[in-house]
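Each chain, written out:
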Amino acid sequence: KTVALSLHCLARVKERYDSCGNDKSPSVIVQSEPISNACRELLRRGIKTRCITEITKENIAYCKELMKIVYELRHLEGIKGNFGISELDYIAPAIQTENYHIPPQIIHSNTRGMIEQQQYLFQTLWDKATPAQIRIREIEEGIPVETTEVVRGIENIVRNQVEGLSFTKIQNDACVDSTFPASLL
């Protein structure tokens, strides 16, 4: 029944289908023939399908297959939970399982408020996610993951600076705002 409901929701998509899933979801989508065929059909119809998952060494082959049946795939480190959202439906597993199978129960809603809330959540995650091509290259070529972060709080800033200085060999440049206590410089 959960596959049938998922397929029904996918068939109703008119413009865009977004999904978010943990590191197990690529294998579930790729290995479930009805679901992977439905994704191919969305792509064939010109529907923009976006998917967020955690891309790891263990699931990289499934992610490469998934890239063939979705419009765009992105990576988000440590993502938990699974859901799919279109302009008409929201679906999510009622129970998170640690296996590689279709969930036995799903939650479905077609209420406007729930859909808008989940679309906002997805877009927030999407904006933070890394394109799959970049993450796959990092894994395959052993490239260290690049990160940029905003450090807040004086204690965290000082700890971050001390840690950074411990790796300095020749020169360290820093830019701080005028409110930063001069005594800490």
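Computed from a predicted structure; not experimentally measured.

Is there a simple way to explain the confidence of the model for the protein in this structure?
Close inspection of predicted coordinates is inappropriate in any region flagged by low pLDDT. Within the protein, residue pLDDT values average 88, and 91% of them lie at 70 or more. Mean pLDDT across the elements of the protein bottoms out in helix 7 (residues 154–165) (82) and peaks in strand 3 (residues 72–75) (98).

Would you mind going over the nonpolar core with me for this structure?
A general tendency of soluble globular proteins is for nonpolar side chains to be buried together. The biggest cluster of nonpolar side chains holds 14 residues, and the ones touching the most others in it are Ile29, Ile55, Leu66, Ile69 and Leu73. Those elements that provide at least two residues to this core are helix 3 (33–44), helix 4 (60–66) and helix 6 (132–141). Leave out the neighbours within four places in its chain, and Leu66 touches Pro26, Ile29, Val30, Cys51 and Leu73.

Would you take a moment to explain the side chain of Glu54 for this structure?
For Glu54, the position within the fold is in the loop between strand 2 (48–53) and helix 4. Excluding anything up to four places from it in sequence, Glu54 contacts Gly21, Asn22, Asp23, Asn59, His75, Leu76, Glu77, Gly78 and Ile79.

Explain the pairing of strand 3 here, please?
As paired elements, strand 2 and strand 3 share four bridges and run parallel to each other. Paired with Thr53 across the strands is His75, a residue of strand 3. Strand direction decides the pairing type here: strand 3 and strand 7 (residues 130–131), joined by two bridges, are antiparallel. Bridge pairing links Arg74 to Pro131 in strand 7.

In this structure, what is going on with the packing of aromatic side chains? I would like to understand it.
Working definition: an aromatic ring pair is given by the centre-to-centre distance plus the angle between the planes. One pass over the full model with this rule turns up three aromatic pairs. Here the aromatic rings of Phe83 and Phe122 are separated by 6.5 Å at their centres, their planes lie at 90°, and the arrangement is edge-to-face. One end of the pair, Phe83, is in strand 4 (residues 83–86); the other, Phe122, is in helix 5 (residues 112–128), and 39 residues separate them in sequence. According to the relative accessible area criterion, Phe83 is buried, its value standing at 11%. Note on Phe122 and Trp126: the rings are 5.7 Å apart at their centroids and 25° apart in plane angle, and the pair reads as stacked. Highlighted residues: Phe122 and Trp126, both in helix 5, separated by four residues, approximately one helical turn. Positioned over the ring face of Trp126 is Arg50, at 4.8 Å from the centre of the ring.

Would you take a moment to explain the layout of surface pockets for this structure?
Gaps left between atoms are located by rolling a probe of water-molecule size over the structure's atoms. Quantified by volume, the second largest pocket comes out at close to 160 Å³. Considering the residues around the second largest pocket, the lining is formed by His75, Leu76, Glu77, Lys128, Thr130, Arg135, Glu138, Val145, Glu146, Thr147 and Thr148. Its residues assigned to classes, the lining of the second largest pocket shows two nonpolar, four polar and five charged.

What's the story with the environment of Ser6 in this structure? I'm lost.
Along the chain, the position of Ser6 falls in helix 1 (residues 2–12). Look at Ser6 and you get buried, because its relative accessible area is 13%. Sequence separation between Ser6 and Ile85 is 79 residues; the distance between their C-alpha atoms is 11 Å. Other than its neighbours up to four places away in sequence, Ser6 contacts Ile35, Ile91 and Ile106.

So, how was this worked out
- Residues numbered from 1 in each chain as written.
- Predicted model: local features only at pLDDT ≥ 70, side-chain atom pairs only at ≥ 80, totals over all residues.
- Heavy atoms only, no water.
- pLDDT = per-residue confidence, 0-100.
- Helix = DSSP H or I, 4+ residues; strand = E, 2+ residues; numbered from the N terminus.
- Core = buried A, V, L, I, M, F, W, Y, C linked by side-chain atoms within 4.5 Å.
- Buried < 20%, exposed > 50% of the residue type's maximum accessible area, 1.4 Å probe, protein only.
- Contact = heavy atoms within 4.5 Å.
- Pairing = 2+ DSSP bridges.
- Phe/Tyr/Trp six-rings, centres within 6.5 Å; stacked < 30°, edge-to-face > 60°.
- Lys NZ or Arg CZ within 6 Å of the ring centre and 35° of its normal.
- 1 Å grid on protein atoms, 1.4 Å probe; cavity = no way out; pocket = protein on both sides within 12 Å on 5 of 7 lines; lining within 4 Å.
- Points joined across faces, edges and corners; volume = space filled by probe spheres on them.
- Nonpolar A, V, L, I, M, F, W, Y, C, P; charged D, E, K, R; others polar.

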